[in-house]
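Topology and contacts: notes
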Amino acid sequence: MQIERIGSLRAALGECPAWDAASGRLWMADCRKGLILAVAPDSGSVQSWQLPAPLGSFAFNGEDELVVALKESFALFRPADGSLRTLARIEDSHPNLRLNDGAPLPDGSFVAGTMHIYREAGEAPLGGLYRLDTGGRLTRIAQGLGVVNGPALHPDGGHLHVCDSAARKIYRYRMDAAGGLSAREVFVDTDALGSAPDGCCFDRDGGLWTALVHAGAIARFDREGRLDVRIDLPVAHPASLCFGGDGLTDLYVTSISDSGRLSAHGPLDGALLRLRGTGYAGAPRPRCLIRP
C-alpha cells in the first residue's frame, strides 16, 4: 500500500472530501477558513472559493451547483459566478452551535448535522440532524447528538450511519423512503481505539471507513461493526475520507493543522493524502437534486 501527499495544500480544518469523476478532481472544504477547494490529484493544483466561515459541509447539487451547510443555514452556491442563495435555517442559535458534516442521499436530498461544543455537564445539545429535501424544505430528523460527523448511507439504501464524536460512537438508524429515522442502535464505540470517529464513507462491500481523529489513523468496520482494518497515517488528526480515482479505488484523507480545538505541527498535518492499494473500492456517491 502507498500513502502520498497531494500537492502542497495545508488546510486548517480539512473536511468533506468528495470525488468528481467528470473533472477528475477531489473537492474538499477547509471549514475554519470557509473555503471550498478543488484539487487536481496529479498536479496538485488547487482552485478555491471563499464562503462565509465557518463552513460545515457541502455536496454536489446537479452539475453546476453545491449545496452548502454554513453556520446555521443551508444555501446553494454556484462556483461559476460565486452566487450564494440561502434556502433554510435551523431553529436553534447559539455561539457554540454550528452545522457540521453532511452528505447527499440517493433521492437527491442532503442531510447534515450540528455540533454544539463547550456544553456544561448534563446540558442537552441544541440542533440535531437535518434533511434538506429536493424542494428546499428543511426537517429535523434526529436530536440529542453533540457533534455530528460522517453521516453516510449504507449501500443497501436502508440504514444511515451517523457519528456523534462527542460520545465517541457511531449510530445506525433505519431510514425510510421519506428520510425518516428509527430504530437507533450503537454500531461502533470507538473509545477503545483511543479516538472519536470523524468523517465516514462506505466501500462497495458494505464496510464503513472512518477517520480516527485523535489516533492518527483510519479504520474499517464490517457489516457487523467489527474492526477489520486499521491504517496508521503520517498525520496527527485525520478528519475525513472518501474514495475516488478510476474505479473509486483510491482513498483520499483530509487532515487538521488547527481546528481551534485540535492542532498539530508536523510536516504533513493539514495535508490531503491519497492511499493506493487498500484492496477496496468505494460505493458510488450520489449528487443532490435540490431545485426549490
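In this text the structure is predicted, and so the values were computed from the model without any measurement. Within any chain, residue numbers begin from 1 and follow the written order of that chain's sequence. With pLDDT at 70 or above as the cut-off, local features in this predicted model cover only qualifying residues; side-chain atom pairs require 80 or more to be listed or tallied, and sums for whole chains, interfaces and linings still use all residues. Side-chain numbers come from the whole structure's heavy atoms, not from hydrogens or water.

1. A short note on the overall build of the protein chain
Let me state the cut-off plainly: Put simply, DSSP marks the helices as runs of H or I at least four residues long and the strands as runs of E at least two long, and each gets a number from the N terminus on. What the globule rule says is 2.2 Å times the number of residues to the power 0.38, and the radius of gyration is computed from C-alpha atoms. Burial classes: relative accessible area under 20% of the type maximum marks a residue as buried, over 50% as exposed, and values in between as partly exposed (1.4 Å probe, protein chains only). Any two residues having at least one pair of non-hydrogen atoms within 4.5 Å are treated as being in contact. Surface accessibility follows the Shrake-Rupley procedure with a 1.4 Å probe radius. Residue values consider only the protein chains on display as shielding. Counting rule for charge: Lys and Arg are taken as positive, Asp and Glu as negative, and neither His nor the chain ends is counted. Charge positions come from single atoms, namely NZ of Lys, CZ of Arg, CG of Asp or CD of Glu.
Of the regular secondary structure elements, the protein chain holds zero helices and 24 strands. In summary, the protein chain has a C-alpha radius of gyration of 17 Å against a globular reference of 19 Å for 292 residues, a match within 12%. When the backbone C-alpha atoms are referred to their principal axes, the protein chain occupies close to 45 × 45 × 35 Å. Going through the 292 residues of the protein chain one by one, you find that 59% of them count as buried. Long-range pairs, those at least 24 residues apart, make up 48% of the contacts in the protein chain with a sequence separation of at least 6. Roughly 11,500 Å² of accessible area belongs to the protein chain as shown, and the carbon and sulfur atoms make up 46% of that amount. For the protein chain, the separation between the mean place of its 30 positive charges and that of its 34 negative charges on side chains is 2 Å.

2. As for the side chain of Ser195
So the rule is basically this: Any N or O atom pair separated by 3.5 Å or less is treated as a polar contact, with the protein-specific requirement of one donor-capable and one acceptor-capable atom, and with residues adjacent in sequence counted only for side-chain atom pairs.
Position of Ser195 among the secondary structure elements: in the loop between strand S17 (181–189) and strand S18 (197–202). By relative accessible area, which is 0% here, Ser195 ends up buried. Within the local environment of Ser195, its side chain forms a polar contact with the backbone nitrogen of His214, the two atoms lying 2.9 Å apart. Sequence-distant contacts of Ser195, that is, excluding residues within four places in its chain, are made with Arg168, Thr190, Leu212, Val213, His214 and Ala215.

3. What to know about the nonpolar core
The following threshold applies: Definition of nonpolar core: a set of buried residues of the types Ala, Val, Leu, Ile, Met, Phe, Trp, Tyr and Cys, connected through side-chain atoms within 4.5 Å.
Core analysis: the largest hydrophobic core is formed by 28 residues, its most contacted members being Trp209, Ile218, Leu233, Leu251, Leu272 and Leu275. Membership of the second largest hydrophobic core comes to 22 residues, among which are Leu13, Cys16, Leu51 and Phe77.

4. Points about the sheet that holds strand S14 (residues 148–153)
What counts is decided by this rule: Whether two strands pair comes down to DSSP finding at least two bridges between them. For every element, the axis is a line fit to its C-alpha atoms; helices are fit only across the contacting stretch, and the angle between N-to-C directions ranges from 0 to 180 degrees.
Judged by pairing direction, the sheet is antiparallel, and its four strands sit side by side in the order S14-S15-S16-S17 without closing on themselves. Among the strands making up the open sheet, the edge pair consists of S14 and S17. Neighbour to neighbour, the strand axes of the sheet diverge by 25 degrees on average, direction disregarded. Across six bridges, strand S16 (residues 169–175) lies against S17 in antiparallel orientation. For Met175, the partnering residue across the bridge sits in S17 and is Leu181.

5. As for the environment of Arg131
By the element assignment, Arg131 lies in strand S12 (residues 129–132). With a relative accessible area of 13%, Arg131 lands in the buried category. Each C-alpha atom of the pair Arg131 and Gly102 lies 9.4 Å from the other, and the pair is 29 residues apart in sequence. Reaching out from Arg131, the side chain makes a polar contact with the side chain of Asp107 at a distance of 2.8 Å.

6. What about the sheet that holds strand S22 (residues 238–244)?
Spatial strand order, S1-S24-S23-S22: four strands in an open sheet with antiparallel pairing. Strands at the two margins of the open sheet, each flanked by one partner only, are strand S1 (2–5) and S22. Averaged over all pairs of adjacent strands, the angle between strand axes in this sheet comes to 25 degrees, irrespective of strand direction. Inspection of the sheet shows S1 paired to strand S24 (residues 273–276) by four bridges, in the antiparallel sense. Among the inter-strand pairings, Ile3 is bridged to a residue of S24, identified as Leu275.

7. Section: the packing of aromatic side chains
Here is the rule we go by: Two rings belonging to Phe, Tyr or Trp (six-membered ring only in the last case) form a pair when the distance between their centres is within 6.5 Å. Interplanar angles under 30 degrees mark stacking, angles over 60 mark edge-to-face geometry, and anything in between is tilted. When the NZ atom of lysine or the CZ atom of arginine is within 6 Å of a ring's centre and also within 35 degrees of its normal, the charge is said to sit over that ring.
Applying the stated criterion across every chain yields a total of seven aromatic pairs. Both rings, one in Trp209 and one in Tyr280, keep their centres 5.4 Å apart while their planes meet at 75 degrees; by these two values the pair is edge-to-face. Placement of the pair is Trp209 in strand S19 (residues 208–212) and Tyr280 in the segment after S24, with a sequence separation of 71 residues. Among the residues examined, Trp209 registers a relative accessible area of 0% and is labelled buried. Directly above the aromatic system of Tyr171 lies the positively charged group of Arg184, at a separation of 3.9 Å from the ring centroid.

8. Here we look at unusual backbone geometry
The residue after Ala53, namely Pro54, is reached through a cis peptide bond having omega 0 degrees. Mapped onto the elements of the fold, Pro54 is located in the loop between strand S5 (46–50) and strand S6 (57–61). Backbone geometry at Leu248 places phi at a positive 55 degrees, although glycine is not the residue there. Tracing the sequence through the fold places Leu248 in the loop between S22 and strand S23 (250–255).

9. What about the pairing of S18?
A large share of S18 lies buried, amounting to six of its six residues. As judged from the four bridges shared by S18 and S19, these two strands associate in the antiparallel manner. Counted as the bridge partner of Cys200 is Thr210 from S19. Hairpin remark: S18 followed by S19, antiparallel, with five residues in the connecting loop; positive phi at Gly206, about 85 degrees.

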